[in-house]
Every structure is written in C-alpha cells, then in structure tokens.
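Spelled out, the chains give:
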Amino acid sequence: MNSLQLVSITKEYDNKYRAVHNVTLEVDEGEFLVLVGPSGCGKSTLLRMIAGLETITSGDLFFNGKRMNDIQPADRDVGMVFQNYALYPHLTVEENIGFPLSIRRQAKQEIKRLVTETAEMIGLSHLLSRKPKELSGGQRQRVALGRAIIRRPKFFLFDEPLSNLDAQLRVQMRTEIIALQRKLGVTAVYVTHDQTEAMTMGDRIAVLKNGIIQQIATPTEIYSSPENEFVAAFIGSPQINLFKGRMDSNNRSQFIENNNGCIISFVGSDPFINLLQSMSEFTIGVRSEHLIITNELSSSHESQSLLGFQATVRSVEFIGHESLVYFETAQDLKCCRTTADSPVKAGDSIRITFATENSMIFDNMGNRVKSHFT
C-alpha cells in the first residue's frame, strides 16, 4: 500500500523564515493530489521535503507507515519531474530515460528492454537516438516523464512540470500525465500555481497560502464550498465576484458595497437579510455563472430570494461559446458570463441579479459563514 503521510511538517530556515507551517495531510494509494497556491506559498518546499531535497525542521514524514525524515533521497523510491526537465544535453533520449538504471548498474539488456517499453508508453519510440536540443518542449517533458517512470517508483512528484510549455501543449500534457498515472496506479503529488491545472488534474486539491494549508478537498468541493475568501478567490476563472460592505442601517432591504459604493437591493428571504444584519461587515461572493443580466429585480418563485444592482459595462470579451461581461462597481471590476450573442456592449448601463442560494458569505476575517442560506 503506497500511501503518504505528513504529520505537523514545518520548514524553518536559518534566518527564521518559515516556509511551511505545521502541515498535516495524507495521500492515499493511487491518488493524484495537487498542491496549489501563489508563488512563495511553500508548495515546492513541501514537495522537496517529501523528496528529501530539503530537511524537515519539525514533524514527521511517513511512506507506508515508515518514518522517512532521515532517509536519503536516493533511497526513498520516488520519481521526480522538474520544471526545467533537467535532461543531460550530451546524452540521447534513450540514454536520458535509462540513466536512473545505468547509475544502479543494471544489466544493459534489461535497461534496453525497459527503455523500449517506457518510450512506447510515452510516444517517443521514434526519437530514441536524438539529443535533447533536437526535441520540442513537449518531447523534452516526455523524456523527463520517462526517466521518472522507468524505475516504477512508489511515488511520483511533479514540480510545476508544464509551466514552460505553451497553452495548447499544456492541455495535451495534462491529459497524458493523468493517463500515465492512472495506468501505472502510482501515488502522485503535483505542484502548480495554475488553478486550472489543479482543477482538471487532481483527485483532491490542497490550497496553500503563506505555508499554511487553507483547504483540502475535491475540485468540486473546493469550487462550490470554499472554506474561506482566499480559497474562493484563488480557485475559479474568471475570479469569483466579491462584494464587500455592510447593511444599510436606514433600509434593511439594501446592502451598501464599501459604504458609499453600489447599492444592492434584496427581494425575498428575511432570514438571509437577518444573517447579514447581525454582522458589522461582510463579503458576499458569487461566481460569474450565477450573475444574470436582467431588466428588473423580481422573484420568479416565492422560495427564491434575489439580489440586484445597477452597473456600467466596462468591456465585453467574446470567447466563442459565451461572452464575459466586465462591469464596474465601487471596489473593482467584476465579471458576468452571458450568451455569445448577447447585445450588451461597453458603456451600457445594466442591471445584475443573483439568487441568495448561489451566494457565499464571508466574515470580516475572510472565513466562510455557513448556514442553510449559503
């Protein structure tokens, strides 16, 4: 059973900077876990501690229940794929893929057999005699994958392996990496700052900020039920719309964004309003697909409660199957998805509505306020 466990892992450098704070998580056998977060959040440091390339300041690392803190990297049985491919320029594709076996002095015939088998698996059988400089970026990344695969390690570790590829090739390589991981059944930990990669590849996602795990959950749970405002804003494209402000003390059916900004009016649910009324300050979050451009604020069903406000269109982006409408409010630009043939254009004054059931409420500390209304 190839499981991975981190218990209260911390990394502190000599200058007292803590890159990772008290991280505890488990990766099940055959699972693909993605570590995602902004640059400098500690995700690569965490991966390097798993690989043994960084020492662990405190806490424990276990492979299949065995403590690994003091085990050398070469003895951890992990295959690691780096951002820069780390290929040997003077070696051929065949020699690069077979290098991990060569340094272990395995029999040449066995290396040849395994290289041939691995190259076929990653679609490089016809390129075995070439040098890295003769390959495209995607082909070089496949060589790096092949070198990690050939030893059939217990764990795969990926450190932003696709960041040097163009957008189209990244999509292709995402699919290939997942297909290989599924075929081999290897437990994998994948680091990226790209939330699209995280959402499309991970069985589960661990979101990090400042070395602290904010939430670990499936992509669906992360997107629809974020634990806090940071996770809600980091995951999703376009970014979630956040309306910060307070209830209007003179009109309990209105919410004022940023005190003197746009006014959001309510129709329906008194309990929802009561919840906001009990908070001095709050943030309402709503995804772009839940915003609707409409002519008037009205409830189509007595059990549904709506919010609505006026806005000015800044720009419209046509992206083929739909359009993204960006509009101004008191704080920043926000976004609404609409149909590709929408007549809305820059400069238009529009009314936006959304249902309270599709909104999220965060307190003034950024934590999600959970209730049956949200």
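Above this text you will find the structure in question.
Owing to the predicted nature of the structure, the values given are computational and were not obtained by experimental measurement.

Structural notes on the sheet that holds strand 9 (residues 204–209)
Strand order in the open sheet made by the 6 strands is 6-7-8-3-9-10, with mixed pairing throughout. Each having just a single partner strand, strand 6 (78–81) and strand 10 (212–217) make up the two edges of the open sheet. The mean angle between the axes of side-by-side strands here comes to 15°, regardless of whether they run parallel or antiparallel. Strands in contact with helix 4 (residues 137–149) are strand 6 and strand 7 (155–159); relative to strand 6, the strand with the most contacts, it is inclined by about 170°. Strand contacts of helix 5 (residues 167–184): strand 3 (32–36), strand 7 and strand 8 (187–192), with the helix running at about 140° to strand 3, the strand carrying the most contacts.

What to know about the packing of aromatic side chains
Within the structure shown, the criterion is met by 12 aromatic pairs. Aromatic side chains Phe255 and Phe282 sit 5.0 Å apart centroid to centroid with 35° between the ring planes, which places their arrangement in the tilted category. Placement of the pair is Phe255 in strand 12 (residues 254–257) and Phe282 in strand 14 (residues 282–286), with a sequence separation of 27 residues. You'll find Phe255 and Phe282 in the same group, each marked buried. One Lys or Arg, Arg287, reaches over the ring of Tyr223 and ends 4.1 Å from the middle of that ring.

Some details on the nonpolar core
Core analysis: the biggest nonpolar cluster contains 45 residues, and Phe32, Val36, Ile97, Leu145, Phe158, Ile177 and Tyr190 have the highest contact counts within it. With near-sequence residues (within four places) excluded, Val36 lies in contact with Lys43, Thr192, His193, Asp194, Gln195, Ala198, Ile205, Ala206, Val207, Leu208, Phe234 and Ile235.

What to know about the side chain of Ser323
Secondary-structure assignment places Ser323 in strand 17 (residues 322–328). In this view, Ser323 contacts Val316, Glu317, Phe318, Cys336, Arg337, Thr338, Thr339 and Ala340; residues no more than four positions away in its chain are not counted.

A short note on the environment of Val189
Here Val189 shows up in strand 8. Here the alpha-carbon distance between Val189 and Pro226, two residues 37 residues apart in the chain, equals 21 Å. Beyond its immediate sequence surroundings of up to four residues, Val189 is in contact with Leu4, Val27, Leu33, Leu35, Leu47, Phe156, Leu157 and Phe158.

Side note on the pairing of strand 13 (residues 263–267)
Burial along strand 13 is one-sided: the residues Ile264 and Phe266 are buried and none of Ile263, Ser265 and Val267 is. Relative to strand 13, strand 12 is paired through 3 bridges, and the arrangement is antiparallel. Of the residues in strand 13, the one forming a bridge with Gln254 is Ser265. The pairing of strand 13 with strand 16 (residues 306–318) spans 3 bridges and is classified as antiparallel.

Quick look at unusual backbone geometry
What is expected of a backbone is that most residues other than glycine have negative phi and most peptide bonds are trans. In this structure, Pro238 follows Ser237 across a cis peptide bond, with omega equal to 0°. With a phi close to 60°, Asp77 is a non-glycine residue in the positive phi region. Locating Asp77 in the fold gives a position in the loop between strand 5 (66–67) and strand 6. According to the relative accessible area criterion, Asp77 is partly exposed, its value standing at 25%. Despite not being glycine, Asn210 shows a phi value in the positive range, around 50°. Within the fold, Asn210 resides in the loop between strand 9 and strand 10.

Brief notes about the state of the cysteines
Taken as a whole, this structure holds 0 disulfides when the rule is applied. For Cys335, which is in no disulfide, the shortest distance to another cysteine sulfur is to Cys336 and amounts to 7.0 Å. Taking relative accessible area as the criterion, Cys335 reaches 3% and is therefore assigned buried. We classify Cys336 as buried; its relative accessible area is 1%.

Side note on the sheet that holds strand 4 (residues 58–63)
Judged by pairing direction, the sheet is antiparallel, and its 4 strands sit side by side in the order 2-1-4-5 without closing on themselves. Lying at the two open borders of the sheet, with one neighbouring strand each, are strand 2 (18–27) and strand 5. Relative to strand 2, strand 1 (residues 4–12) runs antiparallel, the two being bridged by 6 bridges. If you follow Leu4 over to strand 2, its bridge partner there is Val27. Along the sheet, helix 1 (residues 43–51) contacts strand 1, strand 2 and strand 4; its crossing angle with strand 1, the most-contacted strand, is approximately 120°.

Reading guide: rules and limits
- Residues numbered from 1 in each chain as written.
- Predicted model: local features only at pLDDT ≥ 70, side-chain atom pairs only at ≥ 80, totals over all residues.
- Heavy atoms only, no water.
- Pairing = 2+ DSSP bridges.
- Helix = DSSP H or I, 4+ residues; strand = E, 2+ residues; numbered from the N terminus.
- Axes fitted to C-alpha atoms, helices over the stretch in contact; angles between N-to-C directions.
- Contact = heavy atoms within 4.5 Å.
- Phe/Tyr/Trp six-rings, centres within 6.5 Å; stacked < 30°, edge-to-face > 60°.
- Buried < 20%, exposed > 50% of the residue type's maximum accessible area, 1.4 Å probe, protein only.
- Lys NZ or Arg CZ within 6 Å of the ring centre and 35° of its normal.
- Core = buried A, V, L, I, M, F, W, Y, C linked by side-chain atoms within 4.5 Å.
- Disulfide = S-S within 2.5 Å.

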